[in-house]
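# Chains, contacts and geometry: an overview
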Amino acid sequence: MVFTRRPAAVLTAIVAACAMAISLTACTTDANSQDTADDRTTVTSSAPGVVAMFTPSDGITLNQQTPLNKWAKLTPNLTKALTSAGFKKGDISHTTSDSLDKQSRAIQDYVVNHLSGSNTTDDAGIVISPDNITLLVAPVVEADASTRQYGDYVSQELSTADTAEGSDSTDSSDSSNSSDSSDSSTGSDSTDDSSSDASKTAGDSKNAAQAEAVDRLVSSLKLAKESGMHVVLMGNSIKGYKPDAFVRFSDAQAIGKLQAEKIVSKLELSKASKDNPKYIEVLMPYTAVDESGEASDSTFVQEAFRGIWQVLGAYYQKGVVESPSGTLNGNSTEDDWQSVAYDASKEGSTAKVLDARLAQADEHASPTRIDGIIAMNDYIASEVVTELDDLGYTGSAADINPQITISGIVGNITGKKDLSRSDVPDPIKSPEKDDSADSTDSADTQDDSTATDKTDKTKDSQWPLVTGYGAYVSNIPSIVNGKQWMTGIEDRQTLAENIAEACALLNKGQTLTSMSSVRNTEVGGKKKVPTISGPLLAVSASNLKVTLIDPGYISLADAGL
């Protein structure tokens, strides 16, 4: 009797335990998920969630004459930072597009598919709630040849209004021209009109397609935000659209300002005088006409010069800085960008411009003294280095600081020793304006004059500081040997970490006020947009190891070591 009742009691206990386990499981499930009609689990805001990246494609690169500021270089940093922030690799997607049309369609498909439920679960069958999704979008923009030399991150703005207005004005202008030409048409004019009409039609079609792509992109991003998704724009803003956050990379003014500030510091312009001024030339390359034959937008070059002049303008006005070519002087303003701008799209144009600005009095004269050249980007800097060599300048930027030698630079980069620095001795008065030797005897004066003449010629042919931007791999050896003094680059790793932190906070439903790298700015005409930004990195031989080699941006081989 005892033995028959005992199995029944054991069975009853097992059933009770199972019921309790099921009850506990149900409680746990209720706390962390929501049941759906088809028994799938929806992730709530306590999970890291999903990040979908949409960036422009970089295209084919056939040589090393490209900047390190490329989207293809940033996305691996972003993926690594996102996984470190807790996101699963399977929850991070990346789509590249070579046109705004394709990108806008890709984003539209992604948003619609997730909202319709056709693409809302992972391999484990977990449903991703919209408020656990962040879209990282770098809108595709068209850049002319000169702007591309600075890299992919230079900020620009998309606008349907501007496109439509441009199209309307083109229509009006073309209509007027067509009417005028029809009054005095000939057989030849008829052919020209046909060609013009074909060009006009192609231009109108392109503008219409661009406007449609921008509208599609804005509509898709608005739909995403309305559904609970988060939108972070990177680099390029959209006029009239307010994202949840914006990532501000380099802009023209910041690039120009960085180079000017480094020139001021290195040449110690605060100690310069009218009697012994420093000589600086500014090169502003731009593309005068775009691929379709229309005048290019000069906004970038204007803003870049404004950044330079905000730093150097006061020194020109004081007379302690002069331009050997006379292109800039104390009466110049930040609106005089055209004085130093030239069409860099023509082959050999930089060499011709520099040769003209540093023209010698005659073929036997020593080179024109020049202390610094702001070349704006590394592509132009490489051409400047070649031309300076052809003009007879000798030495390197390392000679400007006597205690820094090429061997010392190499030793520092390879980790063998640190660099030591001292101030550069530079008299307040130039030798030719110094009257202190008037009391010496004639023999000593003649000897001193001969020595001074040799010193002057050496000073005149001294290699100047050459600045650039973009950290082209092809230019790194020139930075190591001092021919190009400095370049600039975005701090990609720090930016990637800050972006990843922002995505995690947004997916948790939190604000970005706790982030030190975020401040509210105006973006696309919308105020108080949380903006992630960071200072540009100035790279020279003295810090190249720390800024480029140690983070893995380049290798020792890239530096020619």
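Look up a bit, the structure's there.
Quick notes on the rules
Residues numbered from 1 in each chain as written. Predicted model: local features only at pLDDT ≥ 70, side-chain atom pairs only at ≥ 80, totals over all residues. Heavy atoms only, no water. Pairing = 2+ DSSP bridges. Helix = DSSP H or I, 4+ residues; strand = E, 2+ residues; numbered from the N terminus. Axes fitted to C-alpha atoms, helices over the stretch in contact; angles between N-to-C directions. Contact = heavy atoms within 4.5 Å. Parallel < 35°, antiparallel > 145°, perpendicular 65-115°, else oblique. Left-handed = near helix turned anticlockwise from the far one by under 90°. Nonpolar A, V, L, I, M, F, W, Y, C, P; charged D, E, K, R; others polar. Buried < 20%, exposed > 50% of the residue type's maximum accessible area, 1.4 Å probe, protein only.

### Focus: the sheet that holds strand β8 (residues 230-234)
Strands sit in the order β4-β3-β6-β8-β10-β19-β18 across an open sheet of seven strands; the sheet is mixed. Looking at strand neighbours, the two that pair on one side only are β4 (92-97) and β18 (518-523), the edges of this open sheet. Between one strand axis and the next, the sheet turns through 30° on average, direction left out of account. Pairing geometry for strand β3 (residues 50-56) and strand β6 (residues 133-137), over five bridges, is parallel. Paired with M53 across the two strands is L136, which belongs to β6. The sheet strands contacting helix α3 (residues 100-116) are β3, β4 and β6, and the helix crosses β3 at an angle near 165°. The sheet contacts of helix α14 (residues 492-507) involve β3, β6, β8, β10 (245-247) and β19 (526-532), and relative to β6 the element is tilted by about 145°.

### Let's talk about the packing of helix α9 (residues 349-357) against helix α10 (residues 378-390)
Look at α9 against α10: their axes get within 9 Å of each other, and the N-to-C directions meet at 50°. When the interaxial angle is binned, α9 and α10 end up oblique. Judged by the twist between their axes, the crossing of α9 over α10 is right-handed. Of the residues in α10, those touching α9 at T350, A351, L354 and D355 are I380, E383, V384, E387 and L388. Across the contact of α9 with α10, the residue classes tally to five nonpolar, one polar and three charged.

### Digging into the packing of helix α7 (residues 252-267) against helix α8 (residues 299-318)
At a minimum axis distance of 7 Å, the contact between α7 and α8 shows a crossing angle of 25°. With respect to α8, the axis of α7 lies roughly parallel. Judged by the sense of rotation from one axis to the other, the crossing of α7 with α8 is right-handed. Residue-level inspection shows A252, Q253, I255, G256, K257, A260, E261 and V264 of α7 in contact with α8, the latter providing F300, E303, A304, R306, G307, I308, Q310, V311, L312 and Y315. Among the residues forming the contact of α7 with α8, the class breakdown is ten nonpolar, four polar and four charged.

### Some points on unusual backbone geometry
Although it is not a glycine, E268 adopts a positive phi angle of roughly 50°. Assignment of secondary structure puts E268 in the loop between α7 and β11 (278-282). The phi angle at A471 is positive, at roughly 50°, despite the residue not being glycine. You can see A471 is positioned in the loop between β16 (465-467) and α13 (476-480). For A471, a relative accessible area of 0% translates into the label buried.

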